[in-house]
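Single-letter residue listing:
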Amino acid sequence: MPEEGYHLEVFTEMAGGTLIKRGKDEPIRHILTDSRLHQAREGIVFFAIKTRRNDGHRYVKDLLERGVRHFVISDEAVAHHLEGANVILVSDTRVALQKLAGAHRARFQGPVLAITGSNGKTVVKEWLFQLLHRHRRVLRSPRSYNSQIGVPLSLWLLRPTHDMAIIEAGISQPGEMPHLAKMIQPQVGIFTNIGQAHQEHFAHIDQKINEKLHLFSGAETVIYCKDQREVHEALHARFDHTRTSLLSWSIQGDQSAHFCIHIAPTPEGTLLSGTYAGRKRKVNLAFTDSASVENACHCWLYLLHEGFSDRDIASGFAQLTPIAMRLEQLDGVLGSTVINDAYNSDFTSLEIALGQLGIQRKNSHHTAIVSDLVQTGEPPEQMYRRMADLIRSNGIHTFIGVGPGLCAHQHFFEGLETKFYSDTDDFLRNFHHRDFAQQNILVKGARRFAFERIAAILSEKTHETILEIDLSRIHENLNYLRSLLHPEVQVMVMVKAFAYGSGAYEVARTLEFYGVEYLAVAYADEGITLREAGIQMPIMVLNPELSTYDAMIRYKLEPQIFSFRTLRKFVDTLFAADSDWPYPIHLKINTGMNRLGFDLEEVEELGTFLASNEAVRVVSVFSHLAGSESTEFDALTHRQATRFEQAIQALQKQLTYDFKRHLLNSQGVFRHPQYQMDMVRIGLALYGISGNDTFRKHLKPVGRLVTSISQLRRVPPGEGVGYSPKQVLTEETEVAVIPIGYADGLPRALGNGVGHVLIRGHRRPFLGNICMDMAMVDVTGAGCREGDQVEVFGDRMDVYEMAENLGTIPYEVLTSVSQRVKRVYLHG
Ligand SMILES: *Cc1c(COP(=O)(O)O)cnc(C)c1O
């Protein structure tokens, strides 16, 4: 792209569209596809993209009001909202975006390396960047921008100043890769590996490999691991050796691979050695796990193929760092929220992190603590001016710059409230907690500034036991659940009981962002907390106590009404309160659970009452299934559905307006899809848990309870461990003490071998009784060290299994994790 952007006519042609409305003539530089992430910037164009459930065309009017002046649309009907703007009409906006990116890519002279495979793509990409950036100016895809929309956005960042690009490509279903290949046009490819992820859309592993291989159709070189037989065979069946050279490595001693690599553990990590192009070579890697070794082998072969010297490779490998894939979000001191990204320092990742900060509503004051950018290759003057513009356009109130570069360019930040420090120590020496009360704070620094020290002091990480909540998995689970619903069916998510232990605000904010229609809480105070934190979407309260009606009305919370007593009392409160009528309510019908709800016999009287009442309006009518999870109760479920239908018909006769009907909870969605009606109420499945194997495969656990070993000791035979030691050890036993006990929500019933934890990949049983704040684990022969991480539940230690061991259900396990366990939120 020319430095100043593309001229409108050129842009229109590249996107394959027609300019149907003309506004200000200004070059186009930035692309926006997600209306929620808008920052007012000159030369920004909005692509109104349609997805299964949403349509960017809905937001064009709003974006025009917020200053966007260029639009690419496919529904001509919205053009009349866009007076004064440039409007480009295309037949499909997603295709247009891809065309544009392809045309932009085609103008780039340098080589493009594309990476695909099931796992390791991001790490290989980031490591190659770390290895190459001292020698070349490299563009790499930001974070995981690897999809049908992410890839074009990545390619769009290419500038003539780059020497090369590394682009990550991922697919979730058949048919997607050819589109990506056409845009990326890579000269070199790396196929990381093939695994089970996303298998559901593919009939067979070969189909999945072949789909991915579309990416390399025009490539000159493809690098892969020959130990993956399926990948090797698919590549050889497909590619003509005279046009594409297939470069393989092996760590399983396959001498026919181009590069047969020997791996040996060392005290510091792993030594890799092998013969390439007739010369013996070796390199040290500071990692030991098999995934890191595999990723490193790909990088090594790529560098050798590109002709890098052994010395350059060795010095690059010595500096490889672990890749933090996520932004961490934690509760900070004095009511603040901290977003921590202490490992990355390029411009695009700063932009993404600022976007994440921007959507936080808990506090109204936004603060960014940012270090000098390194590794950008851009002249400092230009770079810091751009940074200042970015900070301003993101509505940051306080900017804190750390590093000599930022100190020297303070003048660009005039007009903002600022502070500058020469280094991290300087910042910490002048640190006062009170300066950071009730703010949303971004901590974003290059690795060498060690900003994790700043994040730690802001978040008061004191306890070693944490519950990690992966918010991107909430989104993935939501997408999966939505894929099971008819497009018009709405979703209500249950965030009661602190969102099943996950943290009500953070989960609610994520759901609000992803367009869920309704939230539900158990009690009014839970809803009030969400409102005070800035959640604006509709919230239903399941168990509104009479004493809280006034507060509910003030906070626009919608009650579930389950009896005449509650209905009359609520109407009385409305008459007395100074609020708008009609007020939204939800009716609960008892169809067989026999808990709360109107009985079938009461429905007629209920209808009569409501038909003549102007104070309330029924938004929805619902009932709750007592046994949706099991065939044992299917007869009951169908009976409940029939009764519910009868109640609905009776109400419809009397009410003159429409209302929503809903019956299904998570297991109901899976097992009884015929009862989706207008809305479903999702709880457990959103948090990634299901008792049903078929559905469990598609869900990802959101919560992970982890701690670390405080002390290791050897206990001789004949002794016992902990309080009231019933078990006498028969052999010498290695015991790990971990700082988690029943006061943290680790049930005491798991003691004495009933439950397990995961340490160094091994399942290990609890030893003795679980104490209030501590527990002991038998780790004999596991090769543990003090400080090792311990998973109590998560990906490998299933909550379902833990619940079964305890004779309970996962709901109880999740909601028992005590509030003293710190929650740490991860973003994708
Ligand atoms: C908790 C709850 C749900 C959600 O149930 P899951 O099994 O977690 O999906 C749905 N409806 C009502 C009324 C609930 O109380």
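K.L.:
Would you explain the overall build of the protein chain in this entry?
P.N.:
Helix and strand counts for the protein chain come out as 27 helices and 37 strands. Expected size for 828 residues packed as a compact globule is a radius of gyration near 28 Å; at 29 Å, the protein chain falls within 12% of this value. For the protein chain, the spread of C-alpha atoms along the principal axes amounts to about 90 × 85 × 60 Å. Taking all contacts inside the protein chain whose residues are at least 6 apart in sequence as the whole, residues at least 24 apart take part in 67%. When the accessible surface of the protein chain is split by element, carbon and sulfur atoms take 48% of a total near 35100 Å².

K.L.:
Would you mind going over the pairing of strand S29 (residues 679-682) with me for this structure?
P.N.:
On S29, burial covers both faces: Met679 and Arg681 on one face and Val680 and Ile682 on the other are all buried. The sheet contact formed by strand S22 (residues 490-494) and S29 spans four bridges and is parallel. Looking across to S29, one finds that Met492 is bridged to Arg681.

K.L.:
Help me understand the packing of helix H16 (residues 471-483) against helix H18 (residues 504-513) in this model?
P.N.:
The relative placement of two packed helices comes down to the angle between their axes together with the axis-to-axis distance. Between H16 and H18, the shortest axis-to-axis distance is 10 Å and the interhelical angle comes to 50°. With respect to their mutual orientation, H16 and H18 come out oblique. The chirality of how H16 crosses H18 is right-handed. Counting all contacts with H16, which are made through Leu471, Ile474 and Leu478, the residues of H18 involved are Glu506, Val507, Thr510 and Leu511. Taken together, the residues of the contact of H16 with H18 sort by class into five nonpolar, one polar and one charged.

K.L.:
Explain the site of the ligand here, please?
P.N.:
Residues in contact with the ligand, as listed here, are Met494, Lys496, Tyr500, Leu542, His624, Asn665, Ser666, Arg681, Ile682, Gly683, Leu684 and Tyr811. For the ligand, an oxygen atom lies 3.2 Å from a polar atom in the side chain of Asn665. Tyr811 places a polar side-chain atom, nitrogen or oxygen, 2.6 Å from an oxygen atom of the ligand. Contact with the protein chains covers 94% of the free accessible surface of the ligand, which is 390 Å². Secondary structure elements with two or more residues in the shell around the ligand: helix H17 (496-500) and S29. Across the shell around the ligand, the residue classes tally to six nonpolar, four polar and two charged.

K.L.:
Looking at this structure, how should I read the packing of aromatic side chains?
P.N.:
Counted under the stated rule, the structure contains 23 aromatic pairs. Summarising the aromatic geometry, the rings of Phe564 and Phe598 are spaced 5.2 Å apart at their centres and angled 75° between planes, so their arrangement reads as edge-to-face. Of this pair, Phe564 sits in helix H21 (residues 564-576) while Phe598 sits in the loop between strand S26 (583-588) and helix H22 (603-611), and the two are 34 residues apart along the sequence. The pair Phe564 / Phe598 is uniform in exposure class, with both members buried.

K.L.:
Would you mind going over the sheet that holds strand S1 (residues 18-21) with me for this structure?
P.N.:
Hydrogen bonds between backbone atoms are what pair the strands of a sheet, whose relative direction is either parallel or antiparallel. Taken in spatial order, the five strands of this open sheet run S1-S5-S4-S3-S2, and their pairing is mixed. Because the sheet does not close on itself, it has two edges, and the strands there are S1 and strand S2 (30-32). The average angle at which neighbouring strand axes cross in this sheet is 30°, direction not considered. Where strand S3 (residues 44-47) and strand S4 (residues 70-73) come together, three bridges link them in parallel fashion. Paired with Phe46 across the bridge in S4 is Phe71. On top of the sheet, helix H3 (residues 93-106) reaches S2, S3 and S4; it is set at about 135° to S3, its chief contact.

K.L.:
Looking at this structure, I do not really get unusual backbone geometry. What am I missing?
P.N.:
Backbone phi values are negative for most residues with the exception of glycine, while trans is the configuration of most peptide bonds. Note that the residue after Trp581, namely Pro582, is joined by a cis bond; omega there is -15°. For Tyr500, which is not glycine, the phi dihedral falls at a positive 50°. Within the fold, Tyr500 resides in helix H17. Here Tyr500 falls in the buried class, since its relative accessible area comes to 6%.

K.L.:
How should the environment of Asp795 be read in this particular structure?
P.N.:
Position of Asp795 relative to the elements: it lies in the loop between strand S36 (789-793) and helix H26 (799-806). Relative accessible area serves as the criterion here: at 45%, Asp795 is assigned to the partly exposed category. On a C-alpha basis, the gap between Asp795 and Leu705 in space is 10.0 Å, while along the polypeptide they are 90 residues apart. Those residues in contact with Asp795 that sit more than four places away from it in its chain are Arg473 and Pro701.

K.L.:
Would you mind going over the sheet that holds strand S10 (residues 221-225) with me for this structure?
P.N.:
Reading across the sheet, the nine strands line up as S7-S8-S6-S9-S10-S11-S12-S13-S14 and stay open at both edges, with mixed pairing between neighbours. A strand with exactly one partner marks an edge of an open sheet, and here the two such strands are strand S7 (138-140) and strand S14 (279-285). Taking the axes of each pair of neighbouring strands and ignoring which way they run, one obtains an average angle of 20° across the sheet. When strand S12 (residues 259-265) meets strand S13 (residues 270-276), the two strands line up antiparallel, connected through five bridges. Among the inter-strand pairings, Ala264 is bridged to a residue of S13, identified as Leu271. Across the sheet, helix H8 (residues 229-238) is in contact with strand S9 (188-191), S10 and strand S11 (245-250); its angle to S10 comes to roughly 155°.

Basis of the calculations
Residues numbered from 1 in each chain as written. Predicted model: local features only at pLDDT ≥ 70, side-chain atom pairs only at ≥ 80, totals over all residues. Heavy atoms only, no water. Helix = DSSP H or I, 4+ residues; strand = E, 2+ residues; numbered from the N terminus. Rg over C-alpha atoms; globule rule 2.2 N^0.38 Å. Contact = heavy atoms within 4.5 Å. Areas by Shrake-Rupley, 256 points an atom, 1.4 Å probe, with all protein chains shown as cover. Buried < 20%, exposed > 50% of the residue type's maximum accessible area, 1.4 Å probe, protein only. Pairing = 2+ DSSP bridges. Axes fitted to C-alpha atoms, helices over the stretch in contact; angles between N-to-C directions. Parallel < 35°, antiparallel > 145°, perpendicular 65-115°, else oblique. Left-handed = near helix turned anticlockwise from the far one by under 90°. Nonpolar A, V, L, I, M, F, W, Y, C, P; charged D, E, K, R; others polar. Near = heavy atom within 4 Å. Polar contact = N/O pair within 3.5 Å; in protein donor to acceptor, adjacent residues only side chain to side chain. Phe/Tyr/Trp six-rings, centres within 6.5 Å; stacked < 30°, edge-to-face > 60°.

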